[in-house]
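Chain residues, written in single-letter form:
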Amino acid sequence: MKNIKRKHLKLRNLLKKRDENLFDYFYNPPGSVPGTLRIEADAAPPEIELIDYDVDKVVRLANLTPQECKNHLETESVSWVDVSGLGNKELLQELGIVFNLHPLILEDIVNVPQRPKIETYPNQLVIITQMVMLKEQEKGFHLEQVSLVLGKEFLLSVQEEPELDCLDPVRNRIEYNKGRIRHKDADYLAYALWDAIVDGFFPVLEVYGERIADLEDELISDPTNESLGEIYQIRRELLALRRAIWPQREAMNILLRGESPLFGADAQIYLRDCYSHTIQIIDIIETYRELASGLMDVYLSAVSNKMNEIMKLLTIISTIFIPLTFIVGVYGMNFNPETSAMNMPELNWAWGYPVVWLVMILITVVLVYFFWRQGWFKNIGASKRI
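Since the model is a prediction, treat every value here as computed from it, not as a measurement.

**A short note on the nonpolar core**
Counting 63 residues, the largest nonpolar core has Trp80, Val170, Leu189, Trp194, Leu241 and Phe263 as the members making the most contacts within it. The contacts of Leu241, once residues within four sequence positions are left out, are Val132, Phe141, Phe201, Val204, Leu205, Tyr208 and Ile285. Among the nonpolar cores identified, the runner-up in size contains 26 residues, and Leu92, Leu101, Val126 and Phe154 belong to it.

Structure, rendered in structure tokens:
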């Protein structure tokens with residue numbers, strides 16, 4: 001049991017080092033000025049895309065500057081400005097000037113990760129959320145902060161990375177005029193983006209459901225150290241998913257209570273469906289966390305089971321050799337048949353040695369048959385090293 005605990009502690013430390021990015025917490029140095037921007041050295045340079053639309057037309061432009069977006073903000077159409085990347089402090093500050101962002105808004109956008117939340121300002125509504133994407137060539141997922149700044153006729157979205165996101169369905173609905181999105185205001189666009197982000201959790205959780213089912217089968221048939229590491233990894237990643245989705249339910253509650261005039265009653269009706277999806281995701285995560293915790297019990301039971309089988313096999317072998325050892329021990333004693341007839345007369349028999357072997361073989365066969373009839377040989381096989 002002590003060896004198992006040491007292995008668990010070693011694996012826990014390795015996983016903590018490997019996946020520490022899942023549990024990073026943001027903080028500025030104590031005493032920092034409010035609105036301080038912290039830009040990571042490896043942050044990708046920003047890319048700005050604009051989608052300006054109304055019922056009749058849609059304009060999509062890429063690689064813009066903040067000043068080039070300013071003209072579209074003065075129209076009555078809905079303007080969606082999507083910024084991907086946080087690697088240029090000057091450009092982001094210029095973006096804050098163009099959109100008249102409060103310094104605390106820009107701080108929340110740039111200094112990632114932030115806890116998902118809602119912040120209300122006189123003319124703007126800020127939604128901080130977390131988007132999850134599956135890693136393509138390895139297990140696990142990638143968490144990314146998405147910040148939505150909602151104005152009267154515009155929506156500013158800021159992502160950490162410019163590579164991939166789960167917002168293409170919304171872009172396609174705008175471009176090809178699918179659904180009702182081009183007939184709605186900017187608050188409906190904010191709902192649509194948030195809904196796409198929340199729905200992005202479902203494919204990730206589907207993968208985790210398959211991983212847990214496969215791991216359970218593996219633990220029953222052949223528990224290994226790699227299986228134990230997989231259990232710890234799944235538990236940590238599910239905890240990270242819970243931290244990403246749980247506060248979003250609280251943020252949605254704020255909007256559903258109608259605390260922001262920028263988010264209208266019509267959009268609130270649709271947000272209820274998104275809220276329902278959030279509750280469903282939380283329930284799935286909690287279920288998977290319980291299953292993952294139960295996998296540890298399965299692992300310990302499987303290891304104990306295999307150890308019992310090994311001990312059973314050793315007990316059978318020992319039981320067979322006990323009478324044989326007794327016979328050999330007796331005949332290994334020093335006797336003198338000439339002194340007395342009781343001093344091992346078998347030593348002078350011509351067939352004494354073959355008879356002893358025959359007796360020992362007969363005892364072995366009888367014991368093996370008895371153990372087989374008792375069912376002791378069931379489930380005894382070659383066991384892999386744990």
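Back to the write-up after that little detour.
**Section: the packing of aromatic side chains**
Scanning the model with the defined rule gives six aromatic pairs in all. Centroid distance Phe99 to Phe154: 5.2 Å. Interplanar angle 55 degrees. Geometry classified as tilted. Of this pair, Phe99 sits in the loop between α3 (89-98) and α4 (103-110) while Phe154 sits in strand β7 (residues 154-159); the two residues are 55 residues apart in sequence, bridging distant segments of the chain. Residue classification places Phe99 among the buried residues on the basis of a relative accessible area of 3%. In this structure Phe154 comes out as buried when scored by relative accessible area, which is 13%. Arranged with centres 5.7 Å apart and planes meeting at 35 degrees, the rings of Tyr191 and Tyr270 form a pair that is tilted.

**Here we look at the sheet that holds strand β1 (residues 47-53)**
Reading across from one edge, β2-β1-β3-β7-β6-β5-β4 is the order of the seven strands in this open sheet, with mixed pairing throughout. Each having just a single partner strand, β2 (58-62) and β4 (117-121) make up the two edges of the open sheet. Recorded for the sheet is a direction-independent mean angle of 15 degrees between the axes of neighbouring strands.

**Looking at the confidence of the model for the chain**
Mean pLDDT over the chain: 83, with 89% of residues reaching 70 or higher. In this model, residues 4-20 is a region of pLDDT below 50 whose contacts with residues beyond four sequence positions or in other chains number 23 contacts. Below pLDDT 50 for its whole length, residues 382-386 participates in ten contacts with residues either more than four positions away or in separate chains.

**Digging into α4**
The element α4 is largely enclosed, with a buried count of six among its eight residues. The complete set of buried residues in α4 reads Ile105, Leu106, Glu107, Asp108, Ile109 and Val110. Buried residues along α4 sit against α3, β4, β5 (124-134), β6 (141-150) and β7.

**Describing the pairing of β7**
Among the six residues that make up β7, six are buried, leaving the element largely enclosed by the rest of the structure. Burial along β7 is two-sided: the residues Phe154, Leu156 and Val158 and Leu155, Ser157 and Gln159 are all buried. Between β6 and β7, which pair antiparallel in sequence order, lie three residues.

The rules behind these values
- Residues numbered from 1 in each chain as written.
- Predicted model: local features only at pLDDT ≥ 70, side-chain atom pairs only at ≥ 80, totals over all residues.
- Heavy atoms only, no water.
- Core = buried A, V, L, I, M, F, W, Y, C linked by side-chain atoms within 4.5 Å.
- Buried < 20%, exposed > 50% of the residue type's maximum accessible area, 1.4 Å probe, protein only.
- Contact = heavy atoms within 4.5 Å.
- Phe/Tyr/Trp six-rings, centres within 6.5 Å; stacked < 30°, edge-to-face > 60°.
- Helix = DSSP H or I, 4+ residues; strand = E, 2+ residues; numbered from the N terminus.
- Pairing = 2+ DSSP bridges.
- Axes fitted to C-alpha atoms, helices over the stretch in contact; angles between N-to-C directions.
- pLDDT = per-residue confidence, 0-100.

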